[in-house]
Amino acid sequence: MVAFGKKLRESQIQEWQGCYLDYKLMKKKLNQYTQQIEVGTQNHPHVLKDFSRLLDSEIEKIVMFMLEQQGVLASRLSSLGEQYESLIRQDADRERISQLQEAYRSVGRDLLRILSFVEMNAIGLRKILKKFDKRFGYKFTDYYVKTRANHPYSQLRQVCKHVGIGAVVGAISRNLADLQGFQQQYENYISIYDQPAFSHPDPVVNSLRAAVNRLSNSTSFLHYLGKHALLMEEDLPILSGDQADDSKYHFMSLILNLANTFLYMVNTYIIVPTADNYSMTLGAAATVCGVVIGSMAVAQIFSSVYFSAWSNRSYMRPLIFSSIILLVGNTLYALAYDLNSISVLLIGRLFCGFGSARAVNRRYISDCVPQKLRMQASAGFVSAGALGMACGPALACLFQRNFKIYKLTFNEDTLPGWVMALAWLIYLLWLSISFKEPSRAPEVPRESNSGKYVNISVENGSTQPFLTNSKAKEKLEDRDTDGEDAEEDAVQIQKPVNSIVSAYRLLTPSVKVQLYIYFMLKYAMEIVLAESSVITGYYFVWSTSSVAAFLACLGLTVLPVNVVIGSYISNMFEERQVLLVSEILVCIGILLSFHVLIPYSVPQYVGSALLTFVAAEVLEGVNLSLLSRVMSSRLSRGTYNGGLLSTEAGTLARVIADGTITISGALGESKLLNTTLVPALFICVTSIVATCFTYNSLY
């Protein structure tokens, strides 16, 4: 049976060659249509119908071939089932059980090739639809998908639902689990039906499940949240890659990375409730809190780049440097009170920003966590940041003390600095003892995540490309004047970019819009958070404890909102639909925040702030989920990666928002609210307009 599987794979390259979407034929048709329309021998309605028929024919060819291959796999599984039944009736040795297990894995690998076949054709279909829309200037994609997606006889629907694949995956999973039970004591065997949560650890099964989930667009909370880390991964998991990752993986080092993320977010937001009071104590205006809060973000713009570059060589050393800088920064922040120096206060916050190691935390997950655990680790990274955001203001509630030790003052203004300095000292000691620097083996080039071809491990442990035939490659190549498609369609091993300019050139218009949306939502969230103490103090005379409790409640909404979006909303609506609705809700929240005519009330402020913040949370999750799919694979690694670009966009938004608060403070606290909301409203409206223009390209 194993020999049969090898023979099948050798013949697939030739056999499957004529079954792919004929991309070159359709490009040729588009050129013909363009020429015919220019000379007046063809009209748009006829082009629409003719090209629809061509697509129907091509998709039907794909579906028929896919069903044929599923039949072959079903036949092989039936034969293996007979061998399995014979093993039950006799006391089989471990060698025969291992051979049968390997035969099932062989079927699984061939099923992965079918899934790759489906995905490659789906990519080709999406590209040709986009090209048609761009060439002829009307929404053929909307027409074609709308008329074919839900029709009972639509072949496009069969491609999307990949009927029958679930049954094959189930058969492989169950039988591999059963055979594992035979190798152990049979009485200890756990059935996947008796315990549905039981997950068979075989890498082939894990790869199949990941591939099926991706093709069906099914979303779980874990995967949805994990995408917020913006770690672009292989479209189909590389089985041999897990072995390399396992040698680098160290659980305690991962925990230390997540702890660094948590502590940094606590450090960022712990001063928000007291920043205005601290500024006034040192002789500055209350609105200088914008500079105090924003100075950390200013430094983070630069620290993100050098920490990202440093992570190319080491993980432990930048984390140690980060902890020391943050220890110094928080100490200076606390000492500024007794030194009566606003300069020392700002220098302390700048030091805290220079210690931002989020790029290292993200890079460690990408490089050193096995593929099978990477989504969980990414979700942990996002969750740690969200919890830190909520815990920061909550801790400020506990600092309502005022005492002295020697000449050092400990009160609600200085305690955040002293507590965080102590936390970073403890973390530094823990890091020095428990962190394990992963080995730096020579990096083997890996295929891009655009679905061109996939490495699948075979029986002898080596790997071979799924597509090696030049004719098969040409079917998905597009080397015309369209720079975007030429970049995406080139079937080659792509290296990481080596400059910010090169990274910017890889951004398509839709990706630029999504980064602008990220800028907008971070700007809106920072306005709500950073000026909260000043606004509530001026209009409602809230105490520090009240402000801290309000901000903590806002922060605690992050995970519940993501549970709802990740588990339910994203499975009911397209992400681009949720994206646009969320932008509109952010805009409504900003509009409701304005103080006009009627007296400003607590319900108006709390309601509008909650709507703005929650809508921005939803928008952030959906936007980063889309970005993780459409951003170029060349931005998945290296210094100038997609995570760095999104971090820079968000950090720049925070800097500008905090600067706006300080500048607007010159007009007086009575005008601060409306003055800061005007640019937020303008940025939000322009992002909505930009989204509408690029809506059809947001997939």
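Definitions and limits used
- Residues numbered from 1 in each chain as written.
- Predicted model: local features only at pLDDT ≥ 70, side-chain atom pairs only at ≥ 80, totals over all residues.
- Heavy atoms only, no water.
- Helix = DSSP H or I, 4+ residues; strand = E, 2+ residues; numbered from the N terminus.
- Buried < 20%, exposed > 50% of the residue type's maximum accessible area, 1.4 Å probe, protein only.
- Areas by Shrake-Rupley, 256 points an atom, 1.4 Å probe, with all protein chains shown as cover.
- Expected span 1.5 Å × (residues − 1).
- Core = buried A, V, L, I, M, F, W, Y, C linked by side-chain atoms within 4.5 Å.
- Contact = heavy atoms within 4.5 Å.
- 1 Å grid on protein atoms, 1.4 Å probe; cavity = no way out; pocket = protein on both sides within 12 Å on 5 of 7 lines; lining within 4 Å.
- Points joined across faces, edges and corners; volume = space filled by probe spheres on them.
- Nonpolar A, V, L, I, M, F, W, Y, C, P; charged D, E, K, R; others polar.
- Phe/Tyr/Trp six-rings, centres within 6.5 Å; stacked < 30°, edge-to-face > 60°.
- Salt bridge = Lys/Arg side-chain N within 4 Å of Asp/Glu carboxyl O.
- pLDDT = per-residue confidence, 0-100.

### Quick notes on the overall build of the chain
- Looking only at helices and strands, the chain features 29 helices and 4 strands.
- Among the 699 residues that make up the chain, the fraction classed as buried is 55%.
- Counting every atom, the chain has about 29,600 Å² of accessible surface; 61% of that belongs to carbon and sulfur.

### Observations concerning helix α28 (residues 642–664)
- Taking 1.5 Å as the rise per residue, α28 with 23 residues should run 33 Å; its terminal C-alpha atoms sit 33 Å apart, in good agreement.
- For α28, a buried count of 18 out of 23 residues is recorded, marking the element as mostly surrounded by other parts of the structure.

### Here we look at the nonpolar core
- Membership of the largest hydrophobic core comes to 118 residues, with the highest contact counts inside it found for Met389, Tyr427, Phe435, Val586, Ile590 and Leu635.
- Counting residues per element, this core draws most heavily on helix α22 (residues 509–530), which supplies 15 residues.
- Contact partners of Val586, with chain neighbours within four places excluded, come to Met520, Ala524, Thr612, Ala615, Ala616, Leu619 and Cys684.
- If you look at the next biggest cluster of nonpolar residues, it comprises 20 residues, including Phe65, Met66, Leu87 and Leu176.

### With respect to empty space enclosed by the protein
- Applying the stated rule across the entire model yields 9 cavities of 30 Å³ or more.
- In this model, the largest cavity occupies a volume close to 600 Å³.
- Lining the largest cavity we find 31 residues, and of these Met265, Arg358, Tyr518, Lys522 and Glu620 sit closest to its centre.
- Those elements that place two or more of their residues in the lining of the largest cavity are α11 (251–269), α16 (358–368), α17 (371–396), α22, α25 (558–572), α27 (602–630) and α28.
- Here the lining of the largest cavity is built from residues that sort into 14 nonpolar, 10 polar and 7 charged.

### Re the packing of aromatic side chains
- A full pass over the atoms with the stated rule returns 25 aromatic pairs.
- A centroid spacing of 4.8 Å and a plane angle of 35 degrees characterise the contact between Tyr306 and Phe307, whose relative ring orientation is tilted.
- Judged by relative accessible area, Phe307 falls into the buried class, the value being 0%.
- Between the aromatic rings of Tyr427 and Trp430, the centroid separation amounts to 6.4 Å while the plane-to-plane angle is 85 degrees, which identifies the pairing as edge-to-face. Here Tyr427 pairs with Trp430, and both are found in helix α18 (residues 415–434), just 3 residues apart, close to one helical turn.
- You can call Trp430 partly exposed: its relative accessible area is 33%.

### Comments concerning the pattern of salt bridges
- Scanning the entire structure with this criterion turns up 10 salt bridges.
- Residue Glu58 pairs with Lys61 through a salt bridge whose shortest N-O separation is 3.0 Å. Here Glu58 pairs with Lys61, and both are found in helix α3 (residues 44–89), just 3 residues apart, close to one helical turn.
- Given a relative accessible area of 28%, Lys61 falls into the partly exposed group.
- With a closest N to O distance of 3.5 Å, Glu620 and Lys522 form a salt bridge. With a gap of 98 residues between them, Glu620 in helix α27 and Lys522 in helix α22 connect regions that are remote in the sequence. Both residues of the pair, Glu620 and Lys522, count as buried.

### Topic: the environment of Met280
- Structurally, Met280 can be placed in helix α12 (residues 275–281).
- Note on Met280: relative accessible area 42%, which makes it partly exposed.
- Beyond its immediate sequence surroundings of up to four residues, Met280 is in contact with Ala285 and Ala286.

### So, the confidence of the model for the chain
- Put simply, the chain has an average pLDDT of 77, and 72% of its residues get 70 or more.
- Under a pLDDT of 50 for its full length, residues 234–244 has, in the predicted model, 28 contacts with residues more than four places off or in other chains.

### What about unusual backbone geometry?
- One non-glycine residue, Tyr406, adopts positive backbone phi at about 60 degrees.
- As for its position among the elements, Tyr406 is in the loop between β1 (403–405) and β2 (408–410).
- Overall, Tyr406 belongs to the exposed group, its relative accessible area being 81%.

### Things to note about the environment of Thr557
- Among the secondary structure elements, Thr557 is positioned in the loop between α24 (544–556) and α25.
- Excluding residues within four positions of it along the chain, Thr557 makes contact with Leu610, Phe613, Val614 and Glu617.

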